[in-house]
Amino acid sequence: KNKTIADPHWIAGLASGDGCFYVSIRHSITTKTKKAVVLNFSIVQHSRDTETLKMIISTLGCGYIELLLKQSAVYFVVVSFKDIFEKIIPLFDNYPIIGVRALNYLDFKKVAILMHNKEHLTEQGLSKIQSIKSNMNLSRKL
């Protein structure tokens, strides 16, 4: 119980292989632009590795577990902007991700900085975020 991961490089390695940095733009009735931006970081593993992902939660002090039994998958998920900005981004700045996911991380971080600066609350800022989002993950042009 409450076991942690001693070497943060291990988390970075896991995220390099099985992590996802996702930017969502949703309809919102509470903003001037009628849009809300949500950041989502996740790591997926086989459901037998649930304890490993619980150790990541203990280590980082954030996130939650989503279990998808039909897929035999378990996800470590962080959507709290504060946790992403104060824990996830510093983690991967200090313990870099490698491979193509490093590019997705850098774009994810750009969006987080725009959000931190409240630019997502303007049409111009939303346009910047949409442009960044359009070149992430499977849409990335290598």
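Note that the structure is predicted; figures quoted are calculated from it, not measured. (Residues numbered from 1 in each chain as written. Predicted model: local features only at pLDDT ≥ 70, side-chain atom pairs only at ≥ 80, totals over all residues. Heavy atoms only, no water.)

1. Some points on the sheet that holds strand β3 (residues 64-68)
A sheet is described by the order of its strands in space; here four strands give the open sequence β1-β2-β4-β3, paired in antiparallel fashion. Two strands bound the open sheet, and with one partner strand each, they are β1 (19-27) and β3. For this sheet the average axis-to-axis angle between neighbouring strands, irrespective of direction, equals 30°. As defined by bridge partners, β1 adjoins strand β2 (residues 35-46) across nine bridges and the pair is classed as antiparallel. (Pairing = 2+ DSSP bridges. Helix = DSSP H or I, 4+ residues; strand = E, 2+ residues; numbered from the N terminus. Axes fitted to C-alpha atoms, helices over the stretch in contact; angles between N-to-C directions.)

2. Focus: the packing of helix α4 (residues 100-116) against helix α5 (residues 123-133)
Between α4 and α5, the shortest axis-to-axis distance is 10 Å and the interhelical angle comes to 170°. Regarding the angle of α4 to α5, the classification is roughly antiparallel. Between α4 and α5, the contacting residues are Asp 107, Lys 110, Val 111, Leu 114 and Met 115 on the first element and Lys 128, Ile 129 and Ile 132 on the second. When grouped by side-chain class, the residues that make up the contact of α4 with α5 number five nonpolar, no polar and three charged. (Parallel < 35°, antiparallel > 145°, perpendicular 65-115°, else oblique. Contact = heavy atoms within 4.5 Å. Nonpolar A, V, L, I, M, F, W, Y, C, P; charged D, E, K, R; others polar.)

3. A few points about the pairing of β2
A regular strand places its side chains so that they alternate between the two faces of the sheet. Relative to strand β4 (residues 73-78), β2 runs antiparallel, the two sharing six bridges. Considered in β4, the bridge of Val 44 is made with Tyr 75.

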